[in-house]
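Examining the three-dimensional arrangement
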Amino acid sequence: MLRNKFGFIALAATSMVGSVMAVTSPAAEAWPGVNWCSWDWTPFSSPTVLPPQITGEGTAKCTEPPTTHVVTLALEYRDGDNWVIGSMTDPITTIPNPDVHYKVSATCYNGTWRMTARISGTGKQGDFTHTEHSDPPKTVVTCENRK
């Protein structure tokens, strides 16, 4: 569920990219009750396919640094009616001030994929927990079939 262009959540990957970017952003409301941190899927709101890899990227943006901030990013593929984790990062605890860019990657297989970010933390305004899925899911036909 993509909230807005300046949404919130920190992300990473099996091959995590955790470089701080010096980009400021306007205040954005990412989900109800949290208007000081947001999430942005980058560069698009669906996974990027560059065979033999599929990647997901996003940026956590906070107008003031939270006290704690934990993010896990995953690439998930559809198996029947279920979403299965294809790759998931270890929890990342980087405090976004003003923002942090993260990446997750997996071996690309044909099928339907989505990115998922799970975020929790605390700040002056209280505790927050959020799960967000990229939308729409992406159907891949340019990779190998899953064995």
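Residues numbered from 1 in each chain as written. Predicted model: local features only at pLDDT ≥ 70, side-chain atom pairs only at ≥ 80, totals over all residues. Heavy atoms only, no water.

For the structure on display, the rule yields 2 salt bridges. Here E76 and R118 are joined by a salt bridge, their closest N and O atoms 3.4 Å apart. Of the two residues, E76 sits in strand β5 (residues 68-79) while R118 sits in strand β8 (residues 111-123), which places them 42 residues apart along the sequence. Overall, E76 belongs to the buried group, its relative accessible area being 3%. Residue R118 is classed as partly exposed on the basis of its relative accessible area, which comes to 33%. The structure contains a network of salt bridges with shared partners spanning E76, R114 and R118. (Salt bridge = Lys/Arg side-chain N within 4 Å of Asp/Glu carboxyl O. Helix = DSSP H or I, 4+ residues; strand = E, 2+ residues; numbered from the N terminus. Buried < 20%, exposed > 50% of the residue type's maximum accessible area, 1.4 Å probe, protein only.)

Averaged over every residue, the pLDDT of the protein chain is 78; residues scoring 70 or more account for 76%. The secondary structure element of the protein chain with the lowest average pLDDT is strand β1 (residues 20-21), at 26, and the one with the highest is strand β6 (residues 82-88), at 97. In the predicted structure, residues 1-29 sits below a pLDDT of 50 and forms 117 contacts with residues beyond four places in sequence or in another chain. (pLDDT = per-residue confidence, 0-100. Contact = heavy atoms within 4.5 Å.)

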